[in-house]
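Single-letter residue listing:
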Amino acid sequence: MTYQITVNGESQIVAAAPETPLLYVLRNDLGLNGPKFGCGLGQCGACAALVGGKLVRTCSMALRDVGGDPIVTLEGLGTVQKLHPLQQAFIEEQAAQCGYCSNGMIMAAKALLDRNPKPSDEEIRDALADQLCRCGVHNRVVRAVRKVAMEQMR
């Protein structure tokens, strides 16, 4: 079966079974490596992307359920030449250690700042609470998100 989906602003035709996890399509068919395979159960957040503007665990979303909602992955936020402010802040705050959770952290922060451009520290922590990181960079991640939020207020 073929599906037409929009990923990072580009229309894509994908031939896959309806129950194929969106993560597999993004990584294997479209070559996008931002979303990571972590737990495969929708619990860790490494595979997060925005679907229709909402934060989604792509390992737990079937391709058939995407519908016409646009998909934005980490690759769709910025470019190497022009990083998204969150990507830049993560670098400046050294908010990535092994980097495996960075995709989910940045996508969760993007979803937060899209719906709440002026979050409190508690709101930032709440928004990122479901993104698992075993390296212990949580405080740096919160600083990076706070930095972007404060820059947006200027």
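Residues numbered from 1 in each chain as written. Predicted model: local features only at pLDDT ≥ 70, side-chain atom pairs only at ≥ 80, totals over all residues. Heavy atoms only, no water.

In the nomenclature of an unreviewed UniProt entry, the protein corresponds to (2Fe-2S)-binding protein from the organism Bradyrhizobium commune.

### Overview of helix α4 (residues 121-128)
One turn of the α-helix equals 3.6 residues, which is why residues spaced by three or four share an orientation. Taken residue by residue, α4 has I124, A127 and L128 as its buried positions. Viewed end-on, α4 has its buried residues packed into an arc of 90°, placing them on one side of the element. Opposite the buried face of α4, by more than 90 degrees, sit the exposed residues E122 and D126. (Buried < 20%, exposed > 50% of the residue type's maximum accessible area, 1.4 Å probe, protein only. Helix = DSSP H or I, 4+ residues; strand = E, 2+ residues; numbered from the N terminus. Arc of directions from axis to C-beta.)

### Considering the domain arrangement of the protein
The assigned domain composition of the protein is domain 1 (2-76) and domain 2 (85-152). In this structure, domain 1 and domain 2 have C-alpha centres spaced 21 Å apart. In total, domain 1 and domain 2 occlude about 1,200 Å² of area from one another, counting both sides; carbon and sulfur atoms represent 59% of this. The largest contributions to the domain 1 side of the interface with domain 2 come from L50, L55 and L74, which together make up 41% of the buried area. Linking domain 1 with domain 2 are zero salt bridges. The tally of links from domain 1 across to domain 2 stands at six residue pairs in polar contact (both at pLDDT 80 or more). (Domains from an automatic or database assignment. Buried area = accessible area lost by both parts, 1.4 Å probe. Salt bridge = Lys/Arg side-chain N within 4 Å of Asp/Glu carboxyl O. Polar contact = N/O pair within 3.5 Å; in protein donor to acceptor, adjacent residues only side chain to side chain.)

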